[in-house]
Amino acid sequence: MTLYGVGLGPGQSDLVTVRGKRVLERADVVYSPGRLSRSVATDHVPEDRIGDLDFPMTRDEEKLRSAWTEAAAAIAPTAREDDVAFVTLGDPNVYSTFGHLRRTMAAFHDDVDLEVVPGVSAVTAFATALGVEIPAGSGLALREAAGGHSPTGPDRMVLFKVTDAPTTHEGLVDAGYDVVYGRRLFMEQGETLVTDDPADVDERDYYTLAYADRDDPTADLATAAFETTDSPTVTDGGTPTDGGRPMGEATLEQAESEACGDEPPEGNR
Ligand SMILES: C[S@@+](CC[C@H](N)C(=O)[O-])C[C@H]1O[C@@H](n2cnc3c(N)ncnc32)[C@H](O)[C@@H]1O
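Note that residues are indexed from 1 along each chain, following the sequence as it is written. In view of the model being predicted, local features appear only for residues whose pLDDT reaches at least 70, and side-chain atom pairs are presented and counted only at 80 or more, with totals across whole chains, interfaces and linings using the full set of residues.

For the purposes of this entry, the term helix denotes a DSSP run of H or I that reaches at least four residues, the term strand denotes a run of E that reaches at least two, and both are numbered from the N terminus. If you tally the helices and strands in the protein chain, you get seven helices and twelve strands. With C-beta atoms placed from the backbone, a residue counts as buried when 20 or more other C-beta atoms lie within 10 Å of its own, as exposed when 12 or fewer do, and as partly exposed for counts between those limits. Within the protein chain, the proportion of its 269 residues that are buried is 29%. Note on contacts: each residue gets a C-beta atom placed from the backbone, and two residues are in contact if those atoms are within 7 Å. Taking contacts inside the protein chain between residues at least 6 apart in sequence as the whole, the part at least 24 apart equals 61%.

What follows is about helix α3 (residues 61-81). Here α3 is 21 residues long and its end C-alpha atoms lie 31 Å apart, about the 30 Å a rise of 1.5 Å per residue gives. The bend at a residue is defined as the angle formed between two axes, one fitted to the seven residues ending at that residue and one fitted to the seven starting there. The largest bend in α3 comes to about 30°, at I75, with the proline P77 one to four residues further on. Buried within α3 we find W68, A71, A72, I75 and A79. Packing partners of the buried residues in α3 comprise β1 (2-7), β2 (29-32), β4 (84-88) and α4 (98-108). For a helix, the expected span equals 1.5 Å multiplied by the residue count minus one.

Once that is clear, we can look at the sheet that holds strand β5 (residues 113-117). Between any two strands, pairing holds if DSSP finds at least two bridges. The strand order across the open sheet formed by five strands is β3-β2-β4-β1-β5, and the pairing between neighbours is parallel. Since the sheet does not close on itself, it has two edges, and those belong to β3 (50-52) and β5, each with one partner. Strand after strand, the sheet turns through a mean of 25° between neighbouring axes, direction not considered. Bridging between β2 and β4 involves three bridges; their strand directions are parallel. Paired with Y31 across the strands is F86, a residue of β4. Taken strand by strand, helix α1 (residues 18-26) contacts β1, β2, β4 and β5, and its axis lies near 135° from that of β1. Running over the sheet, α3 touches β1, β2 and β4 and is turned about 135° from β4. Helix axes are fitted only over the stretch in contact, all axes being lines through C-alpha atoms; the angle between N-to-C directions runs from 0 to 180 degrees.

Next up on the list: the pairing of strand β8 (residues 178-183). The pairing of β8 with strand β10 (residues 208-213) spans six bridges and is antiparallel. Opposite R183, over in β10, you have T208 as the bridge partner. Note that β8 and strand β9 (residues 193-195) share three bridges and pair antiparallel. Across the sheet, G182 pairs through a bridge with V194, a residue of β9.

Once that is clear, we can look at the site of the ligand. We call a residue near a molecule or strand when the C-beta position, derived from backbone atoms, sits within 6 Å of it. The ligand sits among 25 residues. The nearest are P10, G90, S121, A122 and F160. Three classes are used, and their members are as follows: Ala, Val, Leu, Ile, Met, Phe, Trp, Tyr, Cys and Pro are nonpolar, Asp, Glu, Lys and Arg are charged, and the others, Gly among them, are polar. A class-by-class count of the residues in the shell around the ligand yields 14 nonpolar, seven polar and four charged. Residue-level mapping places the shell around the ligand at the junction of two domains, with at least three residues from each of domain 1 (2-120) and domain 2 (123-213). For each domain, the first and last residues come from an automatic or database assignment.

Spatially, β6-β7-β10-β8-β9 is the arrangement adopted by the five strands of the open sheet, whose pairing is mixed. Each having just a single partner strand, β6 (141-144) and β9 make up the two edges of the open sheet. Each strand of the sheet is rotated relative to its neighbour by a mean of 20°, with strand direction disregarded.

Turning to the nonpolar core, a few remarks are in order. Residues V30 and A85 are the most contacted members of the largest nonpolar core, which totals 28 residues. Residue assignment for this core shows that the elements contributing at least two residues are β1, α1, β2, α2 (35-41), α3, β4 and α4. Considering every element that reaches this core, the biggest residue donor is α3, with five residues. Those residues within four positions of A85 in sequence are excluded, and the remaining contacts are Y4, V6, V23, L24, A27, V30 and Y31. By definition, a nonpolar core groups buried Ala, Val, Leu, Ile, Met, Phe, Trp, Tyr and Cys residues that connect through C-beta atoms lying within 7 Å of each other.

Per-residue confidence for the protein chain gives a mean pLDDT of 86, with 84% of residues at or over 70. pLDDT gives the predictor's per-residue confidence on a scale running from 0 to 100. Throughout residues 231-269 the model reports pLDDT below 50, and contacts reaching past four residues in sequence, or to other chains, amount to 26 contacts.

This brings us to the pairing of β10. Taking burial as the measure, the six residues of β10 include six buried ones, the bulk of the element. The two faces of β10 match: T208, A210 and A212 on one face and L209, Y211 and D213 on the other face are all buried. Relative to β10, strand β7 (residues 156-160) is paired through four bridges, and the arrangement is antiparallel. In the strand pairing of β10, R156 is matched with D213.

All right, on to the packing of α3 against α4 then. Packed helices, taken two at a time, are described by their axes: the angle between them and the distance between them. Orientation of α3 relative to α4, taken along the N-to-C sense of each, is 70°, at an axis distance of 9 Å. Classed by the angle they form, the pair α3 and α4 counts as roughly perpendicular. Viewed along their axes, α3 and α4 form a crossing whose handedness is right-handed. Where α3 approaches α4, its residues W68, T69, A71 and A72 are matched on the opposing element by H100, L101, T104, M105 and F108. A class-by-class count of the residues in the contact of α3 with α4 yields six nonpolar, three polar and no charged. Oblique is the label for any angle not covered by the other classes, which are roughly parallel (under 35 degrees), roughly antiparallel (over 145) and roughly perpendicular (65 to 115). The sense of a crossing depends on the near helix, which, turned anticlockwise from the far helix by less than a right angle, makes the crossing left-handed and, turned clockwise, makes it right-handed.

Here's what the structure looks like:
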């Protein structure tokens, strides 16, 4: 049978994927590494099928190894007999505890089949929550900003683990970034907050991220013209004009070069 690593999404139970929900519903045991993931899982699974796992809050590698060895030893016998799931918030392969479990299973119980069900990660959910667009053609880096750290470099960054927003903010603004903070985005527990004032999020809360950018990635897009005060007018026939010049093939070519297709061309699959 199979051990499924299931991503639960950012925290609202209706953001679990359809596949994730199906796996949870038919799993014999759903292992949860924490309170928040447990509370999301219980919207899909009866409490008596949830198996809590305890992990010490420590950086001591020896203690961590022994906690993961114990967790894997508890999960493996059940996973040989039945389908079981291990849940994580967000996606199981992005900054997640699931990586520890996967490595430990591979080292000590490599006969257990493993499958991952991706989840909606805060890496992408932040854009909708913060009202940010990452247009095709632009780059985006994921960095950590714990303890007041202010990583710099790329023009657009998502920063996880923002535990000291005022200090992080200072460094980012000095480096020329605009910054927006998001706390408990798409979460059921706690208050969701989106702000550009670091003082609003100065109280430490692990579920805080930031988006920093130092240019407007949408400025050069064809449709950016619609947002300016002297934006092109739309004629009765519905054809937008730019100072009398119909926006025709040039705009289309530009749009095609900006587009990021959902699927690669046939020959590239
Ligand atoms: C260890 S990472 C877990 C990431 C998760 N696996 C994912 O794919 O979203 C935890 C960090 O992600 C960010 N994060 C995760 N979920 C969040 C949410 N719902 N709202 C705001 N930040 C969140 C916070 O910066 C937090 O410190």
